[in-house]
Every structure is written in C-alpha cells, then in structure tokens.
Amino acid sequence: MTSSARPFLNRRLAEFGTTIFAEMSALAVRTGAINLGQGFPDTDGPEQVREAAVRALRDGRGNQYPPGPGVPELRTAVAAHQLRRYGLSYDPETEVLVTAGATEAIAASLLALLEPGDEVIAFEPYYDSYAACIAMAGGTRVPVTLRPGDGSFRLDLDELRDAVTDRTRLLLINTPHNPTGTVLTREELTAIAELAVERDLLVVTDEVYEHLVFDEAEHVPLATFPGMRERTVTIGSAGKSFSFTGWKVGWVTAAAGLVAAVRSAKQFLTYVSSGPFQYAVAEALALPDSYFASFRADMLARRDLLAAGLEEAGFTVFRPAGTYFITTDIRSLGEADGFTFCRTLPERAGVVAIPNGVFYDHREEGAPFVRFAFCKQTDVLEEAVSRLKALAG
Ligand SMILES: *Cc1c(COP(=O)(O)O)cnc(C)c1O
C-alpha cells in the first residue's frame, strides 16, 4: 500500500487522496479479477497511426521540444477535423493548442480562466480531475446533479439555471458524459448556450468521447450554438478517439484570446509533450469517415454484449448513448452501497468495477451506482459476463 499524503498535502488538495482507480486496479492485480474499472482500451489504435509515430521518431520529427502551441501539422489537422465534422472554422495559428492529453487541457483552462473564489458549475457525477483542477485554480465547484429516469441520467435545466450566481464564471460541460453515458440533446445544449450567453459565462466543454455516440444520439459541439464560439473552450483527445491513451495528445480549440490565455497556463505545466506522437495524431485525424464509423460500430457491439450480460446478472443497466462506460444500479441486486459492492466484487465474481459515488459531492446521490468499462476485447467481456452471472445466484 502506498503511504498517506495527509501530513504533507496542502488544504486545496487535502480531500483528493489517491484516486479510486489506483485502489481498484491494485485490487484487480491482487485478486486476478478482470479489470472493468479504469477506462482504457486493451487494443491499440490503428496500425498505420502507430507506424506514423515510428516514422516521425526515426525521421527525427518531434524528438526535441516541439513548438509550444503544438506542431503545425497537428494544429492544421485539428482545425480541419473541426471543420469537416462540425462546420467549425478555427485558425490553426491562433485558435488551436495541443496539450498533454485532455487532462492538461482541463487543468490549463481552469488555471488560466478562474480567479480565486470564482464558481464553476459542473455536472455531478463528474470526471475526477475536474474537482481537483477547480481546487488547484482556487475556484469553488458547484455541482448540478444528473438524475436517473427513463433509462438514462438527465440534466434538470431549472436546477442548472438556479445554480448560476453573480460569482459563476464558468460552466464545465462534458458530453458524451463520463460516467453516465449521457449525450446532451440539441434542446439541452440550446438551453445551456442561452444561459451562458444571458449570464455572460465562459464554457469549457470536454468532448473527448465525440466519436463514441450510439444509436440515435448525435454529438453536437457546444461551440456551434449561437453566441458560443467566442466563449467556449472545446477539448478533444487522441487517447479516446484513436485508442492511444498512453500517448497523451489532446487539444483545445477556441477563439484566439481564449487559446492565448490557456496557452499561458499550459506553458508552465508541461510546456510541450509527445513530440513524435503529435505527427502521428495529425495523420489519425485525417483518417476517412470509415475509420470513425467502424470504431463506433465496434464499441457499440461491445456495449451491447456487456449491457446484456449485466442485465442477465441482475443489474439495472443505463444503456449509454455515448462513451465506453455503462453505469448500473445495484439496488436490483439487493445492494445499496457501491463502495462496499465494488470492494467485494472481485471476491464474489472476479470482476473490478468503479463505484460512481466517488464522482459525486453528494455521495448519497451516487451510492447505488456502479460503472463498468466496455472498451475491452470481446473474449474479456464474455468472460466477465459469465463470471458476473454468479451474482444472479
Ligand atoms: C479520459 C478522459 C479525459 C482525459 O483524457 P486524456 O487525453 O487521457 O488526458 C478527460 N475527460 C474525460 C471525460 C475522460 O473520460
């Protein structure tokens, strides 16, 4: 076990000890359980993209500090991707910034845009780095809870409107949403955009799962709505879109002033990162639509496999419209507390999952929910499903 940071960790970060992922991944290793906790694919992205990275490395492209904003090839490719997919036009010179994954993009955006005491509204449950980054930036987080109903977790727009105060500076949005799999609809996004314009708020929108939307769901970037381009920082990630989470290549697109602000913070975090990989991701972003279509179809099949298995095992399944996570309700199994459930699941069924409670400020709201990742090989998912059947008795 790792030692406690408690005697040394400052007040801003005191509540953020070790992440649940470290605890649960260690548990998976110790017990030999199948790890459906942490969301990383167990199959690497396209061969030709890997080869592009090797070529860049061999040709000496990116082996030394790349330019601060990112290599021009990647900035151009990001801009072309936003234009081709969404009709959003960004200048690669001034309106695109390459970051060390979406994680750094989130951190740099919050560090750059928040004054101490500024309030940030984020959907709860939220991705775990949001709370820590808001705290590091001296901001105050104001959670708006997504609540289950009708098979998915939904946003209460009135609650969102009521959460805005004179101190609100920024909305931190995530769609498709981790961990619930909710994809905000055009109507919801319209309302969010109107609120941001009316109250003059900045928006940071984490769209790392933009290519993982299923069924009838559609990913619409917030920056496409009226009045939003000039106030929105959009974040993407090669880790999620191309299954190279270890490369840590992410990006920001926004109006020039916002990008300049985010770059000011970013230059003192990593300055630059992932040199050769940036060239490879530039090639990945130019892959034909068929790549994205088959990536999506492939993940959809995995979603359906795991969702059916979880249902058979007795879980209530919220079939996700996006991301590679399934949130379940364990009350149908006669369980009430996700933490206890996840700590004993490896012993009971040889599978590791994540209790959604860790993604909530209002822990009681998240207590009965548990998250499983389905970005795993089919035989791994099949084995997990057959083990989970033990729970059905
Ligand atoms: C994985 C993830 C990130 C981090 O992306 P990286 O590019 O690996 O840093 C950010 N936001 C959400 C919602 C994620 O699931």
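As a starting point, this report considers the structure included with it. (Residues numbered from 1 in each chain as written. Predicted model: local features only at pLDDT ≥ 70, side-chain atom pairs only at ≥ 80, totals over all residues. Heavy atoms only, no water.)

Broken down by element type, the protein carries 14 helices and 15 strands. Expected size for 393 residues packed as a compact globule is a radius of gyration near 21 Å; at 20 Å, the protein falls within 12% of this value. Referenced to the eigenvectors of the C-alpha coordinate spread, the extents of the protein come out at roughly 60 × 55 × 50 Å. Looking at the protein as a whole, 56% of its 393 residues qualify as buried. In the protein, once contacts between residues fewer than 6 apart in sequence are set aside, the share between residues at least 24 apart is 75%. For the protein, the accessible surface area stands at approximately 16,200 Å², while carbon and sulfur atoms represent 51% of it. (Helix = DSSP H or I, 4+ residues; strand = E, 2+ residues; numbered from the N terminus. Rg over C-alpha atoms; globule rule 2.2 N^0.38 Å. Buried < 20%, exposed > 50% of the residue type's maximum accessible area, 1.4 Å probe, protein only. Contact = heavy atoms within 4.5 Å. Areas by Shrake-Rupley, 256 points an atom, 1.4 Å probe, with all protein chains shown as cover.)

Turning our eyes to something else, we now look at the packing of helix H2 (residues 47-58) against helix H10 (residues 275-285). At a minimum axis separation of 8 Å, H2 and H10 run at an interaxial angle of 140°. Between H2 and H10, the angle is such that the two are oblique. Crossing angle aside, the handedness with which H2 passes H10 is right-handed. Of the residues in H10, those in contact with Val-49, Ala-52, Ala-53, Arg-55, Ala-56 and Leu-57 of H2 are Pro-276, Phe-277, Tyr-279, Ala-280, Glu-283 and Ala-284. (Axes fitted to C-alpha atoms, helices over the stretch in contact; angles between N-to-C directions. Parallel < 35°, antiparallel > 145°, perpendicular 65-115°, else oblique. Left-handed = near helix turned anticlockwise from the far one by under 90°.)

Here the focus is helix H11 (residues 289-313). Between its first and last C-alpha, H11 extends 36 Å over 25 residues, near the 36 Å set by a 1.5 Å rise per residue. Considered for burial, the residues of H11 that qualify are Tyr-291, Phe-292, Phe-295, Met-299, Arg-302, Arg-303, Leu-306, Ala-307, Gly-309, Leu-310 and Ala-313. Of the residues one or two after H11, Gly-314 is the one with positive phi, at around 110°. (Expected span 1.5 Å × (residues − 1).)

When you tally the buried positions in strand E7 (residues 168-174), you get six out of seven residues, the bulk of the element. Where strand E3 (residues 119-124) and E7 come together, four bridges link them in parallel fashion. Opposite Val-120, over in E7, you have Leu-170 as the bridge partner. One crossover worth recording links E7 to the parallel strand E8 (residues 202-206) by way of helix H7 (residues 186-198), and it is right-handed. (Pairing = 2+ DSSP bridges. Right-handed = clockwise from strand over helix to strand, strands pointing away.)

Residues in close proximity to the ligand total 13 residues, the closest being Thr-103, Asp-206, Tyr-209, Lys-240 and Lys-248. Side-chain polar atom of Tyr-209 to an oxygen atom of the ligand: 2.6 Å apart, as the coordinates give it. The contact in question runs from an oxygen atom of the ligand to an N or O atom on the side chain of Lys-240, over 3.1 Å. For the shell around the ligand, the element with the highest residue contribution is helix H4 (residues 101-113), accounting for four residues. By residue class, the composition of the shell around the ligand is five nonpolar, five polar and three charged. (Near = heavy atom within 4 Å. Polar contact = N/O pair within 3.5 Å; in protein donor to acceptor, adjacent residues only side chain to side chain. Nonpolar A, V, L, I, M, F, W, Y, C, P; charged D, E, K, R; others polar.)

So, about the packing of helix H1 (residues 20-31) against helix H12 (residues 338-349). It is the contact of H1 with H12, at a shortest axis distance of 10 Å, that shows an interaxial angle of 15°. In terms of axis orientation, H1 runs roughly parallel to H12. Between H1 and H12 lies a crossing whose hand is right-handed. Contact residues: Glu-23, Met-24, Leu-27 and Thr-31 in H1; Cys-342, Arg-343 and Pro-346 in H12.

With that settled, the discussion passes to the pattern of salt bridges. Any two side chains of opposite charge can pair if their charged atoms end up close together. Under the definition given, this model contains 27 salt bridges. The partner of Arg-161 in a salt bridge is Asp-158, with the nearest N and O atoms 2.9 Å apart. Remark: Asp-158 and Arg-161 occur in helix H6 (residues 157-163); sequence separation between them is three residues, near one turn of the helix. Residue Arg-161 is classed as partly exposed on the basis of its relative accessible area of 39%. One salt bridge connects Arg-348 with Glu-335, and the closest N-O pair in it is separated by 3.0 Å. In this pair, Arg-348 sits in helix H12 while Glu-335 sits in the loop between strand E12 (325-329) and H12, placing the two residues 13 residues apart along the sequence. (Salt bridge = Lys/Arg side-chain N within 4 Å of Asp/Glu carboxyl O.)

This next bit is on the sheet that holds strand E2 (residues 96-99). What the seven strands build is an open sheet, ordered E2-E10-E9-E8-E7-E3-E4; its pairing is mixed. Here the strands that pair on one side only, and so sit at the sheet edges, are E2 and strand E4 (140-145). Taken pair by pair, the neighbouring strands of this sheet meet at an average axis angle of 20°, ignoring direction. Summarising the sheet, E8 and strand E9 (residues 232-237) pair through four bridges and their orientation is parallel. By the bridge assignment, Val-204 is partnered in E9 with Val-233. Running at roughly 160° to E7, helix H5 (residues 128-136) makes contact with E3, E4, E7 and E8 of the sheet.

Once that is clear, we can look at the side chain of Lys-266. Along the chain, Lys-266 falls in helix H9 (residues 256-266). Classification of Lys-266 as buried rests on a relative accessible area of 1%. Of note is the side chain of Lys-266, whose polar atom sits 3.1 Å from the side chain of Thr-270. The residues touching Lys-266, leaving out its near neighbours within four places in the chain, are Gly-68, Leu-97, Val-98, Thr-99, Ala-100, Glu-104, Ala-108, Tyr-271 and Val-272.

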